[in-house]
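Inside the fold
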Protein chains: 2
Amino acid sequence: MAATLQTIADELGVSRSTVSNAYSRPDQLSPELRARILEAAERLGYPGPNPTARSLRRGKVNAIGVLLTDDLSMAFTDPYAVAYLRGLAEAASARETSLLLLNLPEDEEAVRRVVSNAAVDAFCLYCVPDWHGALELIRARGVPIVIGEDPAAFGPDAGYVGIDERAAARRLGEHIARLGHRDIAVVAHWIVHGGVTGPVDADPDALRYYVTGERVRGFRDAFAAAGLPWERVLLINAARNGREEAAAAAAHALDRLDRATAILTTSDVLALGVLDALRVRGLRPGRDVSVTGFDDIPEAEPAGLTTIRQPSVERGRLAGEILLDPPEDPRRRRLTLPVSLVVRATTGPNPLKEKS
Amino acid sequence: MAATLQTIADELGVSRSTVSNAYSRPDQLSPELRARILEAAERLGYPGPNPTARSLRRGKVNAIGVLLTDDLSMAFTDPYAVAYLRGLAEAASARETSLLLLNLPEDEEAVRRVVSNAAVDAFCLYCVPDWHGALELIRARGVPIVIGEDPAAFGPDAGYVGIDERAAARRLGEHIARLGHRDIAVVAHWIVHGGVTGPVDADPDALRYYVTGERVRGFRDAFAAAGLPWERVLLINAARNGREEAAAAAAHALDRLDRATAILTTSDVLALGVLDALRVRGLRPGRDVSVTGFDDIPEAEPAGLTTIRQPSVERGRLAGEILLDPPEDPRRRRLTLPVSLVVRATTGPNPLKEKS
DNA sequence: CCGGCGTACTGTATCGATACAGAAGGGTTC
DNA sequence: GAACCCTTCTGTATCGATACAGTACGCCGG
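Please read these numbers as outputs of a predicted model, since none were measured by experiment.

The next point concerns the overall build of chain A. What chain A contains, in helices and strands, is 13 helices and 13 strands. In summary, chain A has a C-alpha radius of gyration of 26 Å against a globular reference of 21 Å for 356 residues, an excess of more than 25%. With respect to the three principal axes, the spread of C-alpha positions in chain A is 95 × 40 × 40 Å. Buried positions account for 50% of the 356 residues belonging to chain A. A separation of at least 24 residues holds for 72% of the contacts in chain A among residues at least 6 apart in sequence.

The following block contains the structure:
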C-alpha cells in the first residue's frame, strides 16, 4: 500500500498533524523534527501530501478550467488564441495555479460528465460558441467565471474581459469605405454553425456567435454611415477559422466578373488565407483588392496586413487575475480594453474608383 | 453553506448512498426515486457530486499532467508541439480525461509545489529539457508517465513514444552530403542551455538536450560516412526554437566569405527562419543555399522545405493511450515510430561543386 | 409454508489530508 | 512562586463523496 501521512507518523511515533505541518507549515515544528520527518518520508518513499486529499480539505484545487471545442483547432491554431492562453497561463502560473483543458465531446451527456467532474476553482471561457450547453452546466456549478465574449451571456456575476467588438469592426469598415470601395465581401467564421464554406444570406442581427455577429454588425454600421447598402455586401461563411477555409471562401468573391475590391474578415488568420487566394490569382493586395484582418497576430505585420490590434495576451492575463484575485470593486471585474486600427499595405484606394 | 449529498438525502429522507447512486450508478435505484432526487437537487441548487471528493474516494482524477516550461513558447508556438498536444488531447478526450497544463516556474521550490500539488493520474512529458528538476519529482510521485524523448531517461517503467532521432537526422545529413555540399552549418536549439544565439564550439557527444543531441549526432554520422570532417561544420545555437532566432543564427553562416552552401536545422520552425534569412539576402533556397528542417509541419510543404516527416499527432495520441489504457505487453508501452525523408525544393546540388 | 433469489435501499468504513482547539513543558516577569 | 506566554506538539472533527456488506421485502417454485 502507498505511504500516507499516517505511515510516516507511525514510523516516528509522532502525530499525523505534525507530519502534515512538516510539509504545509514548517514554522509549526522544530527544524530538527521536520528534518527527521522528511528523512523518514524519503526513506519510505512517501511522495508528499496527496494533492486530491489536500484539495478536498482546503477547498481549493489550484486549477482554472478552460473549455475547448472540437479538436482544439480554435484554441491552438489561431495565434490570437495562443496569445490569450499565454496571458492566462502567466497569471495562473504566478499564483501556482494550473490550467485544466477540457476538450468538450460532441455527446451532450459526456459534456455534462466532463464539466461537472472537472476539479477546478474557476472557469475561463474563450472562443466557445455561446450556444454551447456547457455554459449552463458551469453556471449550475456556481464557480467563478470570466468570459471573453458576449458580456451579457452570463449575467453580472461573471467577470468579463473583452473589447468593443462592434466599434472596432466599424473602424475597419470606415477605413475601407473611406478608400472608396463599393464592391465588398466579408469573410467570417461561424456565421452559421456547422455550415459550409460559401456565400450565405444571413441577417447580421441574427447571428448566433457573438464575436462574429458584433464584428459583422460593426462593418454594417460603417457601410450604412457611408451610404453603402448592406445588400451590396457579399457575406461568405468560413466553416473553420483557418487559412485554407478563408482562401476557399475568398474564391467566391474573386472568381466573378464583379470582383470585390475589398474583402473584410473577422480574423487575421482568415485574412492571411484571403491573401493566399489573391497570390494564387496574381492579384496585388492593397492595389487590386484590399484586405483587412482582426487581432494583429504576429504574422500580420510581415504580411503588411491592415487590422485591428487588440491586447490578446493582456486579455488572458486579466482574465486570470480577475479569477484568482477578484477585485473588490465589481466594476473592475468587467473590463473593456482599448484597441487600435493598424493600417498597413493590404488596404488601398478602390482601383475602380474612376468608373463610379 | 453549499449543498452536499447529505443535504439532498435529508430533504427526501433517504440515505446519502442512495443520492450518490442516483448520480453514479443509476441502475442501483428505481427510476422514480432517482427522478425525485434529481428534482430535489435541482431545487436546492446542488450541482452534483463534488469532483474533488469523488476523485479522492475513487482514487482517480481523470487528468493527465503536461509539463510546460517558460512562457509556453515551445508548447504552442511550434506547430509540431501543437500537433502532439492535439493527439494527446484526442486520446484523453475519448476517455473523458482532461489535460492539466503545468507551467513550471523558475524557482526550484515553486516547481516542487506545483508538481507535487498537481492532481493528475499520470504525466506526459514532451519538449521538456531532460535536465529539469521536475523529472525527479515526478518519479518520486510514482504515477505512470510517458516520455517523448530520451528513452533511457526514466528507466524502463516509463512509457515511451518516440522516433529514432539520430537515424532520422542521419538521413538528412546523407541527403546533403550526396548533393555534394561541403560548407555546412547546423542551426540547433538548446545546444547550450540558457545560451545566446550564435556559433558554439560544442562536442556533439556532450549535448545535454537529448533531441538536439541525437539529431546533431545523426548529422555527424552522415558526414563522417561521407568523409566530411566534423570540424568543418559550423554549429550555431538558437536561443529559442523560433523563426527569428533561426534567422539570426543563420546570419552567422551566411554573412561570411566562405558562406555555407547547406544549412541543416533541428526543426522546421528553425528552417523557416533560415529561409527568411535567405530571402532577405536575395539567396535562392535549393540553389544558392540548401536548407533542411525536421518534423514536416504543415507550413513545410508550401515552403518547399526538405525535411523529415514524423507522425506528430500520432505520437501524442499513442502517449495518451499508453497512459490511459496501458497495454499488458510492456513492449507495447515503448514505441519507436517510423519517419520518412521528404525531399522538396529547398535542397539541391552544391553550387560550388565545380570548384572542389 | 418455506427456502432461495433479485431488487431497492441503508449504514458504516474509508479515501488522505488540514483546521483548530488544547496540552505539555520551559522560560519570563513581577 | 504565581501568572503568563511562547514554542512545540497532539487529538479530534471535518472536507464530500464512494465501496461494500448488509437488511428488508416481494415474488417464485416446490
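On to the nonpolar core. As a rule of thumb, nonpolar side chains are buried together in soluble globular proteins. Counting 198 residues, the largest nonpolar core has Val-187 and Val-274 of chain A together with Val-187 and Val-274 of chain B as its most contacted members. Those residues in contact with Val-274 of chain A, other than ones at most four positions away along the chain, are Val-187, Ala-246, Ala-247, Ala-250, Ile-263, Thr-265 and Val-291 of chain A.

Residues and elements named next belong to chain B. A two-sided burial pattern is seen for strand β9 (residues 262-265), the buried positions comprising Ala-262 and Leu-264 on one face and Ile-263 and Thr-265 on the other. Here strand β6 (residues 184-189) runs beside β9; their pairing, made up of four bridges, is parallel. Along β9, the bridge assignment pairs Ile-184 with Ala-262. Here β9 runs beside strand β10 (residues 290-292); their pairing, made up of three bridges, is parallel. Within β10, the residue paired with Ala-262 across the bridge is Ser-290. Between β9 and its parallel partner β10, the chain crosses via helix α12 (residues 268-280), and the hand of that crossover is right-handed.

In the vicinity of DNA strand C there are 26 residues, among which Thr-4, Ser-20, Asn-50 and Ala-53 of chain A together with Ser-17 of chain B approach most closely. Among the secondary structure elements, those contributing two or more residues to the surface near DNA strand C are α2 (16-24) and α4 (51-58) of chain A together with α2 (16-24) and α4 (51-58) of chain B. The residue inventory of the surface near DNA strand C, partitioned by class, reads ten nonpolar, ten polar and six charged.

Time to look at the protein's contact with DNA strand D. Neighbouring residues of DNA strand D: 26 residues in total, closest Ser-17 of chain A together with Thr-4, Ser-20, Asn-50 and Ala-53 of chain B. Elements that contribute at least two residues to the surface near DNA strand D include exactly α2 and α4 of chain A together with α2 and α4 of chain B. By residue class, the composition of the surface near DNA strand D is ten nonpolar, ten polar and six charged.

Residues and elements named next belong to chain B. At a closest axis distance of 7 Å, the pairing of helix α9 (residues 165-178) and helix α10 (residues 210-225) adopts a crossing angle of 40 degrees. Classified by the interaxial angle, the pair formed by α9 and α10 is oblique. The element α9 and its partner α10 pack so that their crossing is right-handed. Contacts between α9 and α10 involve Glu-165, Arg-166, Ala-167, Ala-168, Ala-169, Arg-170, Gly-173, Glu-174 and Ala-177 on the former and, on the latter, Val-211, Glu-214, Arg-215, Arg-217, Gly-218, Phe-219, Asp-221, Ala-222 and Phe-223.

This part is about unusual backbone geometry. Residues and elements named next belong to chain B. We note that Glu-96 has phi near 55 degrees; this positive angle belongs to a residue other than glycine. Following the sequence through the fold, Glu-96 ends up in the loop between α6 (79-94) and β2 (98-103). Overall, the presence of 17 C-beta atoms within 10 Å leaves Glu-96 in the partly exposed class. At Asp-296, a position not held by glycine, the phi torsion is positive, near 60 degrees. Assignment of secondary structure puts Asp-296 in the loop between β10 and β11 (307-309). Overall, the presence of 25 C-beta atoms within 10 Å leaves Asp-296 in the buried class.

On to the interface of chain B and chain A, then. Tallying the contact residues gives 38 residues for chain B and 38 residues for chain A. Those elements giving two or more residues to the side of chain B that touches chain A turn out to be α4, α6, β2, α7 (108-117) and α8 (134-141) of chain B. Broken down by element, the residue count for the side of chain B that touches chain A peaks at seven residues, all from α6 of chain B. In the side of chain B that touches chain A, the residues fall into 22 nonpolar, ten polar and six charged. When strand β2 (residues 98-103) of chain A meets β2 of chain B, the two strands line up antiparallel, connected through three bridges. Its bridge partner being in β2 of chain B, Leu-101 of chain A is matched across the sheet by Leu-99 of chain B.

Each value, and the rule that gives it
Residues numbered from 1 in each chain as written. Chains lettered and ligands numbered in written order. Predicted model: local features only at pLDDT ≥ 70, side-chain atom pairs only at ≥ 80, totals over all residues. Helix = DSSP H or I, 4+ residues; strand = E, 2+ residues; numbered from the N terminus. Rg over C-alpha atoms; globule rule 2.2 N^0.38 Å. Buried ≥ 20, exposed ≤ 12 C-beta atoms within 10 Å, placed from the backbone. Contact = placed C-beta atoms within 7 Å. Core = buried A, V, L, I, M, F, W, Y, C linked by C-beta atoms within 7 Å. Pairing = 2+ DSSP bridges. Right-handed = clockwise from strand over helix to strand, strands pointing away. Near = placed C-beta within 6 Å. Nonpolar A, V, L, I, M, F, W, Y, C, P; charged D, E, K, R; others polar. Axes fitted to C-alpha atoms, helices over the stretch in contact; angles between N-to-C directions. Parallel < 35°, antiparallel > 145°, perpendicular 65-115°, else oblique. Left-handed = near helix turned anticlockwise from the far one by under 90°.

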